[in-house]
There are 2 protein chains.
Amino acid sequence: MIIDFSQIAEASHPQFKGGEGALNARMYFDGKCRIMKGRLAPGASIGLHTHETNCEIIILTSGTATVLYDGTRLTLHAGDIHYCPMGHTHSLVNDSKDDITFTAIVPEQKD
Amino acid sequence: MIIDFSQIAEASHPQFKGGEGALNARMYFDGKCRIMKGRLAPGASIGLHTHETNCEIIILTSGTATVLYDGTRLTLHAGDIHYCPMGHTHSLVNDSKDDITFTAIVPEQKD
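Residues numbered from 1 in each chain as written. Chains lettered and ligands numbered in written order. Predicted model: local features only at pLDDT ≥ 70, side-chain atom pairs only at ≥ 80, totals over all residues. Heavy atoms only, no water.

Enquirer: Please clarify how the overall build of chain A should be interpreted in this entry.
Expert: A count of helices and strands for chain A gives zero helices and ten strands. Along chain A, helices (α) and strands (β) appear in the sequence β-β-β-β-β-β-β-β-β-β when read from the amino end. Its C-alpha atoms give chain A a radius of gyration of 13 Å, within 12% of the compact-globule value 13 Å for 111 residues. Once the C-alpha set of chain A is aligned to its principal axes, its extents read approximately 35 × 30 × 25 Å. (Helix = DSSP H or I, 4+ residues; strand = E, 2+ residues; numbered from the N terminus. Rg over C-alpha atoms; globule rule 2.2 N^0.38 Å.)

Enquirer: Just to check I follow, could you spell out the interface of chain A and chain B for this structure?
Expert: The accessible area lost on association of the parts is a frequent measure of interface size. With 31 residues of chain A at the contact, the number on the chain B side is 31 residues. In this assembly, chain A packs against chain B so that about 2400 Å² is buried in total across both faces, 64% of it on carbon and sulfur atoms. Sorting the residues of chain A by area buried against chain B places Met1, Ile81 and Tyr83 of chain A first, and these three jointly supply 30% of that buried surface. Applying the counting rule to chain A against chain B returns zero salt bridges. Where chain A meets chain B, there are twelve residue pairs in polar contact (both at pLDDT 80 or more). If you list the elements that add at least two residues to the side of chain A that touches chain B, you get β3 (33–40), β5 (56–62), β7 (72–77), β8 (81–84) and β10 (100–107) of chain A. Its residues assigned to classes, the side of chain A that touches chain B shows 19 nonpolar, five polar and seven charged. (Contact = heavy atoms within 4.5 Å. Buried area = accessible area lost by both parts, 1.4 Å probe. Salt bridge = Lys/Arg side-chain N within 4 Å of Asp/Glu carboxyl O. Polar contact = N/O pair within 3.5 Å; in protein donor to acceptor, adjacent residues only side chain to side chain. Nonpolar A, V, L, I, M, F, W, Y, C, P; charged D, E, K, R; others polar.)

Enquirer: Any chance you could explain the nonpolar core here in plain terms?
Expert: Side chains of nonpolar character tend, in soluble globular proteins, to be buried together. Grouped together as the largest cluster of nonpolar side chains are 24 residues, with contacts concentrated most on Ile35 and Ile57 of chain A together with Ile35 and Ile57 of chain B. At the level of elements, β3, β5 and β8 of chain A together with β3 (33–40), β5 (56–62) and β8 (81–84) of chain B are the ones that each hand at least two residues to this core. Once you skip the residues sitting within four places of it in the chain, Ile35 of chain B turns out to touch Ile57, Ile81 and Tyr83 of chain A together with Ile3, Phe5, Arg26, Met27, Tyr28, Ala104 and Ile105 of chain B. (Core = buried A, V, L, I, M, F, W, Y, C linked by side-chain atoms within 4.5 Å. Buried < 20%, exposed > 50% of the residue type's maximum accessible area, 1.4 Å probe, protein only.)

Enquirer: Help me understand the relation of the copies chain A and chain B in this model?
Expert: For the pair of chain copies, the relating operation is a rotation around an axis with a shift along it. Structural alignment of chain A on chain B gives an RMSD of 0.0 Å, achieved by rotating through 180° and translating 0.0 Å along the axis. Each copy turns onto its partner about a two-fold axis. Minimal C-alpha separation from the rotation axis in chain A is found for Gln109 of chain A, amounting to 2.2 Å. (Least-squares fit on C-alpha atoms with pLDDT ≥ 70 in both.)

Enquirer: Which parts of the structure should I look at to understand the pairing of strand β10 (residues 100–107) of chain B?
Expert: Walk down a regular strand and you will see the side chains alternate between the two sheet faces. Residues and elements named next belong to chain B. Burial runs high along β10: seven of the eight residues are buried. Summarising the sheet, β5 and β10 pair through five bridges and their orientation is antiparallel. From the neighbouring strand, Leu60 faces β10, where its bridge partner is Phe102. (Pairing = 2+ DSSP bridges.)

Enquirer: Any chance you could explain the environment of Asn24 of chain B here in plain terms?
Expert: Residue and element names in this part refer to chain B. Summarising the element assignment, Asn24 is placed in strand β2 (residues 22–29). Between the alpha carbons of Asn24 and Ser45 there is a distance of 10 Å; along the sequence they are 21 residues apart. Excluding anything up to four places from it in sequence, Asn24 contacts Glu10, Ala11, Ser12, Lys37, Gly38 and Arg39.

Enquirer: Help me understand the side chain of Ser45 of chain A, please; the structure alone is not making it clear to me.
Expert: Residue and element names in this part refer to chain A. Structurally, Ser45 is set in strand β4 (residues 45–50). Reaching out from Ser45, the side chain makes a polar contact with the backbone nitrogen of Glu20 at a distance of 2.9 Å. Leave out the neighbours within four places in its chain, and Ser45 touches Phe16, Gly19, Glu20, Leu40, Leu92 and Val93.

Enquirer: Looking at this structure, I do not really get the confidence of the model for chain A. What am I missing?
Expert: Low-confidence regions, as indicated by low pLDDT, have predicted coordinates that should not be scrutinised in detail. Averaged over all residues, the pLDDT of chain A equals 97, while 99% of them reach at least 70. For this predicted complex, the interface confidence reaches an ipTM of 0.96, while the overall pTM sits at 0.97. (pLDDT = per-residue confidence, 0-100.)

Enquirer: What is the right way to look at the sheet that holds β7 of chain A in this model?
Expert: To summarise the sheet geometry, strands pair through backbone hydrogen bonds and adopt either a parallel or an antiparallel arrangement. Residue and element names in this part refer to chain A. What the four strands build is an open sheet, ordered β4-β9-β6-β7; its pairing is antiparallel. Each edge of the open sheet carries a strand with a single partner, namely β4 and β7. Ignoring strand direction, the axes of neighbouring strands in this sheet form an average angle of 15°. For β4 and strand β9 (residues 89–93), the ladder comprises four bridges, and the chain directions are antiparallel. Its bridge partner being in β9, Ser45 is matched across the sheet by Val93. (Axes fitted to C-alpha atoms, helices over the stretch in contact; angles between N-to-C directions.)

Enquirer: Just to check I follow, could you spell out the packing of aromatic side chains for this structure?
Expert: The description of an aromatic ring pair uses the distance of the two centres, along with the angle that the planes make with each other. Tallied over the full model, the rule gives two aromatic pairs over all chains. Centroid distance Tyr28 of chain A to Tyr83 of chain B: 5.7 Å. Interplanar angle 70°. Geometry classified as edge-to-face. With Tyr28 of chain A in strand β2 (residues 22–29) and Tyr83 of chain B in strand β8, this residue pair bridges two chains. Cation over ring: Arg34 of chain B sits above Phe29 of chain B, and NZ or CZ is 4.2 Å from the ring centre. (Phe/Tyr/Trp six-rings, centres within 6.5 Å; stacked < 30°, edge-to-face > 60°. Lys NZ or Arg CZ within 6 Å of the ring centre and 35° of its normal.)

Shown next, in the form of structure tokens:
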């Protein structure tokens, strides 16, 4: 299938995972895999969280973002691919002056 | 972590999954998730295969491609996201006159 994001409404998720501001996202989820297009305004963030049963792949599609990954600070530029394997912890922070946009994939990896 | 594809050599995989020509790809794999940047020349393809233990998400980053998904023909344009859930069958065919490039993610979903 092709995920038609034009048919998925963007929803606002305030303090997502305990972060600041709101995550704005179009999300597809079939119970086994979440595929989303997200946007964070300046100052907004997805809070620190641990991937207990799944992993996450984030492709930054515009802007510059900061990730705290297992206590290490990473800077993502547009086009970069961040991988948080199952069992690891991360956040996503827009500490820039422009919106950031990203595609994120969260596949379940426990039966 | 950030997957640094500039540090991963592109390898050629002739007749990948029984396809035509060669898949050229930079692949990251940690045993739980494969993340790749791939390229198919005109006429090249990844053959039909079923995802028995994992799923696949393909983001077409340039060009136009054809996917045969569970017997249905799909046309992917740059930016489109194709999802092949676990248990389903697909191919990826470059039947255009230009190279296609894509990012693909194949997470294992069976313990």
